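Secondary and tertiary structure notes
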Amino acid sequence: MDNDPSGHRSASRTPRSWLRVLVPALLILIWLAGAGVGGPYFGRVDEVSSNDATAYLPRSADATRVQELIGEFNDSSAIPAVVVMTSGSPLTRSQTGALQKAVQGLASVQGVTGQGSPAIPSKDGRAIQAFVPIDRDADVGEAVDRVRDTLERTAPEGIEVFVTGPAGFTADLLEAFSGIDTLLLGVALAAVLVILLIVYRSLLLPVVVLLTGVSALTVALLVVWHLARAGVLLLSGQTQGILFILVIGAATDYALLYVARYREALIAERDRWTATVDALKGSVRPIVASGGTVIAGLLCLMLSELKSNSTLGPVTSIGIVFAMLAALTFLPAMLLLMGRAAFWPRVPHFDPQASGEVSPTGLWARAGRALSTRPRTVWVVACVILAVCTLGITQLRAQGVPQSDLVLGSSQARDGQRALAEHFPGGSGSPAFVVTSSADLQKVADVLLASSGVQSVAVSADTPAGTAPVTRSGIGGFGGPGTPAPEPRVVDGQVLLQATLADAADSDAAEQTVRDLRSELDRGGATALVGGVTATAIDTNDTSLRDRNLIIPLVLAVILVILMVLLRAVVAPLVLLGTTVLSFGATMGVAAVVFNTVLDLPGADPAVPLFGFVFLIALGIDYNIFLMTRVREESGAHGTRPGIIRGLQVTGGVITSAGLVLAATFAALSVIPILFLVQIAFIVAFGVLVDTFLVRAVLLPALCYDIGRPIWWPSHWGKEIR
């Protein structure tokens, strides 16, 4: 088949020419159809997601086992909302009556299931609290808003209304996550588009690359949604946000690599089909190796006992698979049909004499010459800079944060908790639940009452209030003299106690109280499980710490093996992994200083270092793979040291662009006012920039250049150039 000088085929038509149009057109239609079907699911993720912390604990955790039993005692799986109404002065009798009536009327509010508890006045007479059951299957955020609006309309003038407790904090989380489908995605796509316009200085190419990422994300979301609907995967707002960012960032990175190869091929080949085949040959290996490394690192999270960690692995791995597929099918098909026009106005012209030549001028040519002059000085200085930054890691506080600090900015539930603590015992509204045998009831109650961190104890009973107070002499407090004490509710030989803590349920003091109670009950030989909000936080943090100690070494081992197989060497993988670990340490050191001094954050979740490690190691290795696979290719023809310089020059622009894109997409996570996501956004964005501009552009090539041919040991790769 003949072609004209511009690279366009002549008018002659053969079965093969029709096939060359049909195959890419079919691929494009398949992707667009998948995107069309999956698009509407962006607004339906909340149908299959959960932000209940207890749902992510292992079934063996005490808090999980207690949560499963609470519904049997209360005949309800509702989420409790704690209503707090305060006044600047003591409430009058008429005000108290009006508030009591307002609380009783909440039973008719949509989303409220059944009658809540009677309103309880505070000892100072300036506040009232009540418990309102919110239907777990309802939209908790909307139900909480309706409860608050109803009380504000019916409460007397001068009364402040707050809704806090588990339902209140859930509503805050839902509101914070509500921007994932719109704000987060919009900011990420806008950032990527701006970078692509600057990089390509083309009108069509950025749109095609961006469409590749959106198509990958949409189809991945379609698959994940149905798996979550079937109960195969557990989805949360946190996982959803990371999925969106990771797929857009990874798909764009892979697309950048393919576009660079395709541009090279269009210069070497007149026929766009041949150029496409050549570009795919040069792209498949690094893209599959890069994506496979990320997937391997993410799948290590499946060994986590904490489901919020273990479910992230398969969810994001599915996203990476579709990112690779889109970059290797949809994008090549689009560019094949568009040909050189995709690069307009900077159209690559057919020039076989220029093919394979590396420009002696430009930024990366100068960088290559600079590091080849004094490579050891360059990599030693880079290592010293990173090592100094690593010192800050000792300041990282990642032992967990209070529930009230998870949402940044304003929080109705946090304000309500402060009002609650001002007028009632600190743990009001979020008691510790203790399940024990009926035979050990009094023994367990005595342990609870003996604790200075416990304000009061009640037992689940068949009374109008649903509970009965417990004292050292037993259950009582109802009726007058001679009135029999209510019987505790017994379910399968077990009873449920509620311990109101003296401190706020998400405080360090409350956590220490629960830990002490567990130890004391264990020493006393009583069969008892302690659950509730505080216990859930403890079990989550403890499980996360165990996960971190297990998964981090495993990720390192898995990625090292993959690199050894990919590069058929031992020294090069050790160098790649070592420099990436050093980059991670420096990033965490800087992050600790920024979190503590600049942003003044209350601490970090134990999962923050784990997620930061997995993302930075897996994604950081990505760029090293892009570089070293090209270096290996160039070394086979020109020798190791010249191959390193040529590899740096050829990949410098595309890898730097990819790093900027990935940093920008992860930085977009910070628009979601969730502490965990803001911290991950900074860690990954900053770490990727460090890896892109210091490790991959300076440290790694200088170190490899200094080592020379032994970098490929034990493989004899690259001829010696003297």
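Placed above this text is the structure.
Cut-offs applied
- Residues numbered from 1 in each chain as written.
- Predicted model: local features only at pLDDT ≥ 70, side-chain atom pairs only at ≥ 80, totals over all residues.
- Heavy atoms only, no water.
- Helix = DSSP H or I, 4+ residues; strand = E, 2+ residues; numbered from the N terminus.
- Contact = heavy atoms within 4.5 Å.
- Areas by Shrake-Rupley, 256 points an atom, 1.4 Å probe, with all protein chains shown as cover.
- Lys, Arg positive; Asp, Glu negative; His and termini not counted.
- Charge placed at Lys NZ, Arg CZ, Asp CG, Glu CD.
- Axes fitted to C-alpha atoms, helices over the stretch in contact; angles between N-to-C directions.
- Parallel < 35°, antiparallel > 145°, perpendicular 65-115°, else oblique.
- Nonpolar A, V, L, I, M, F, W, Y, C, P; charged D, E, K, R; others polar.
- Buried < 20%, exposed > 50% of the residue type's maximum accessible area, 1.4 Å probe, protein only.
- Pairing = 2+ DSSP bridges.

1. Re the overall build of the chain
Tallying secondary structure elements over the chain gives 21 helices and 10 strands in all. Seen along its three principal axes, the alpha-carbon backbone of the chain occupies a region of about 105 × 55 × 45 Å. For the chain, contacts bridging at least 24 residues in sequence account for 81% of all contacts bridging at least 6. Accessible surface for the chain amounts to roughly 29,200 Å². Of this, 60% is attributable to carbon and sulfur atoms. Counting 50 positive and 56 negative side-chain charges, the chain places the averaged centre of each group 14 Å from the other.

2. A few points about the packing of helix α17 (residues 533–567) against helix α19 (residues 607–638)
Two elements in contact, α17 and α19, have axes separated by 10 Å at closest approach and are oriented at 5 degrees. In terms of orientation, α17 and α19 fall into the roughly parallel class. Listed contacts from α19 to S544, D547, R548, I551, I552, V555, L556, I559, L563, L566 and L567 of α17 are A607, P609, L610, F613, V614, I617, A618, I621, I625, M628, T629 and R632. Of the residues assigned to the contact of α17 with α19, the class counts are 18 nonpolar, two polar and three charged.

3. Notes on the side chain of T587
If you trace the backbone, T587 turns up in helix α18 (residues 571–598). What makes T587 buried here is its relative accessible area of 0%.

4. Focus: the sheet that holds strand β3 (residues 127–134)
Neighbouring strands of a sheet are bound in pairs by backbone hydrogen bonds; such pairs are parallel or else antiparallel. One open sheet holds the four strands; their spatial order is β2-β3-β1-β4, and the pairing between them is antiparallel. If you trace the sheet from one side to the other, it starts and ends with β2 (120–121) and β4 (160–164), each paired once. As paired strands, β2 and β3 are joined by two bridges and run antiparallel to one another. Of the residues in β3, the one forming a bridge with P121 is I128. Where helix α5 (residues 165–177) meets the sheet, it contacts β1 (79–86), β3 and β4, and its direction lies at approximately 95 degrees from that of β1. On the sheet, helix α14 (residues 412–423) packs against β1, β3 and β4 and is oriented at approximately 110 degrees with respect to β4.

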